[in-house]
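Results of the structural survey
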Amino acid sequence: PRDWSSDVCSSDLRPRSLAQTSSPVPLVGHVRTVTRVRAVSGHSGAVRETWIDFGVHVRPGSRKDAVEGTHDGVLAIRVAAPPTEGRANHAVCKVVAEVFGVARLDVNVVGGRTGKRKIIRIYGDPVVLGERLAQLLGADGSMGVGGSEG
């Protein structure tokens, strides 16, 4: 059994079957929502999992962590962490979790782990998450980590 309380943010924390997608997600201008129902041993019934996948453009080594609007049709995120040993990916998960109001372990990088273009997966209600993403994509100027302008 895995320790889910770890402070690391990575798709490696979820069982492999949950981290895989059936088809690649385009990085520009595409949001995909998925609902999966699966049986869990020791649980009376099925567990319903929903998530949203979307592309981001990451700028590592910045002065501060922030969502800064869009870049080529996807959410642009600045992180202070360097792009080494997964530090920038961890920082991206932290920023996205804070902006979307979800737990850090509900945010994973599922594509583009070594590049500036990444595919982010957030587990949760796809309607609420999609609305928040639309707000961020339509926002002008820099959005701070907490979602306030500045």
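In case you missed it, the structure is sitting above this.
Being a predicted model, the structure only gives us computed values, none of them experimental.

Details of the overall build of the protein
Scanning the protein from terminus to terminus reveals three helices and seven strands. Starting at the N terminus and walking to the C terminus, you meet the elements of the protein as α-β-β-β-β-α-β-β-α-β. Split by element, the accessible area of the protein, about 8,000 Å² in all, is 51% carbon and sulfur.

Concerning the pairing of strand S3 (residues 66–71)
By the bridge criterion, four bridges tie S3 to strand S4 (residues 74–78) in an arrangement that is antiparallel. From the neighbouring strand, Ala-66 faces S4, where its bridge partner is Arg-78. Following S3, the chain reverses through two residues before pairing antiparallel with S4; Asp-72 in that reversal takes a positive phi of roughly 55°.

Quick look at helix H3 (residues 126–138)
Spanning 13 residues, H3 covers 18 Å between terminal C-alpha atoms, matching the ideal 18 Å at 1.5 Å per step. For H3, the N-terminal capping position is held by Asp-125, with its side-chain oxygen 3.1 Å away from the main-chain nitrogen of Val-127.

Remarks on helix H2 (residues 87–100)
Between its terminal C-alpha atoms H2 stretches 20 Å, which fits the 20 Å expected from 14 residues at 1.5 Å a residue. With ten of its 14 residues buried, H2 lies for the most part within the structure. Residues of H2 that are buried: Ala-88, Asn-89, Ala-91, Val-92, Cys-93, Val-95, Val-96, Ala-97, Val-99 and Phe-100. Just past H2, the residue Gly-101 takes up positive phi, approximately 70°.

Definitions and cut-offs
- Residues numbered from 1 in each chain as written.
- Predicted model: local features only at pLDDT ≥ 70, side-chain atom pairs only at ≥ 80, totals over all residues.
- Heavy atoms only, no water.
- Helix = DSSP H or I, 4+ residues; strand = E, 2+ residues; numbered from the N terminus.
- Areas by Shrake-Rupley, 256 points an atom, 1.4 Å probe, with all protein chains shown as cover.
- Pairing = 2+ DSSP bridges.
- Expected span 1.5 Å × (residues − 1).
- Polar contact = N/O pair within 3.5 Å; in protein donor to acceptor, adjacent residues only side chain to side chain.
- Buried < 20%, exposed > 50% of the residue type's maximum accessible area, 1.4 Å probe, protein only.

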